[in-house]
Amino acid sequence: MHKFTVTLTREIEADTAEEAALLVYQELSRGPVPDSYSVADETKETREIKLDRNKADEFASIDHTADPGNW
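Residues numbered from 1 in each chain as written. Predicted model: local features only at pLDDT ≥ 70, side-chain atom pairs only at ≥ 80, totals over all residues. Heavy atoms only, no water.

(A) Structural view of the pattern of salt bridges. Under the definition given, this model contains 3 salt bridges. Residue Arg10 pairs with Glu27 through a salt bridge whose shortest N-O separation is 2.5 Å. A residue pair is termed long-range when its members are at least 10 positions apart, and Arg10 in the loop between β1 (5-7) and α1 (17-30) and Glu27 in helix α1 qualify at 17 residues. For Glu27, a relative accessible area of 33% gives the class partly exposed. A salt bridge links Lys50 to Asp35, with the shortest nitrogen-to-oxygen separation between them at 3.1 Å. With a gap of 15 residues between them, Lys50 in strand β3 (residues 46-50) and Asp35 in the loop between α1 and β2 (36-40) connect regions that are remote in the sequence. The class of Lys50 is exposed, set by a relative accessible area of 61%. Salt bridges here are not isolated pairs; linked through shared partners, they connect Asp35, Lys50 and Arg53. (Salt bridge = Lys/Arg side-chain N within 4 Å of Asp/Glu carboxyl O. Helix = DSSP H or I, 4+ residues; strand = E, 2+ residues; numbered from the N terminus. Buried < 20%, exposed > 50% of the residue type's maximum accessible area, 1.4 Å probe, protein only.)

Structure, rendered in structure tokens:
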């Protein structure tokens, strides 16, 4: 299995870094899930990914821990 770093970028106006993080958390917990991400692999190669909302929702609805390939 490979390791990836997934980054979500949002521009937030806040007085402190902690407040900015809390505002992003608030946005994510109340609003629609974002569908654009920056993904870096183990070699630090980065790609921009835009998910298809229907495919992402279908993937999220499946319990992937039941897949023997994940054991």
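(B) Highlighting the pairing of β3. In terms of burial, β3 is a largely surface element, 0 of the 5 residues being buried. The antiparallel hairpin formed by β2 and β3 contains 5 residues in its connecting segment, where Lys44 sits at a positive phi of about 70 degrees. (Pairing = 2+ DSSP bridges.)

(C) Structural detail: unusual backbone geometry. A positive phi angle is found at Lys44, which is not glycine, with a value near 70 degrees. For Lys44, the position within the fold is in the loop between β2 and β3.

(D) Helix α2 (residues 53-61), seen in detail. Counting buried positions along α2 yields 0 of 9 residues, so the element is predominantly exposed. Capping of α2 at its N-terminal end is provided by Asp52; its side-chain oxygen lies 3.0 Å from the backbone amide nitrogen of Asn54. (Polar contact = N/O pair within 3.5 Å; in protein donor to acceptor, adjacent residues only side chain to side chain.)

(E) Spatial organisation of the layout of surface pockets. Estimated volume of the largest pocket: approximately 180 Å³. If you trace the largest pocket, you find it lined by Leu51, Lys55, Ala56, Phe59 and Ala60. A per-class count over the lining of the largest pocket returns 4 nonpolar, no polar and 1 charged. (1 Å grid on protein atoms, 1.4 Å probe; cavity = no way out; pocket = protein on both sides within 12 Å on 5 of 7 lines; lining within 4 Å. Points joined across faces, edges and corners; volume = space filled by probe spheres on them. Nonpolar A, V, L, I, M, F, W, Y, C, P; charged D, E, K, R; others polar.)

(F) Representation of the sheet that holds β3 in the model. Sheet architecture is open: 3 strands sit in the order β1-β2-β3, paired in antiparallel fashion. Here the strands that pair on one side only, and so sit at the sheet edges, are β1 and β3. In this sheet, adjacent strand axes meet at a mean angle of 25 degrees when their direction is disregarded. By the bridge criterion, 5 bridges tie β2 to β3 in an arrangement that is antiparallel. Bridged to Tyr37 within β3 is Ile49. (Axes fitted to C-alpha atoms, helices over the stretch in contact; angles between N-to-C directions.)

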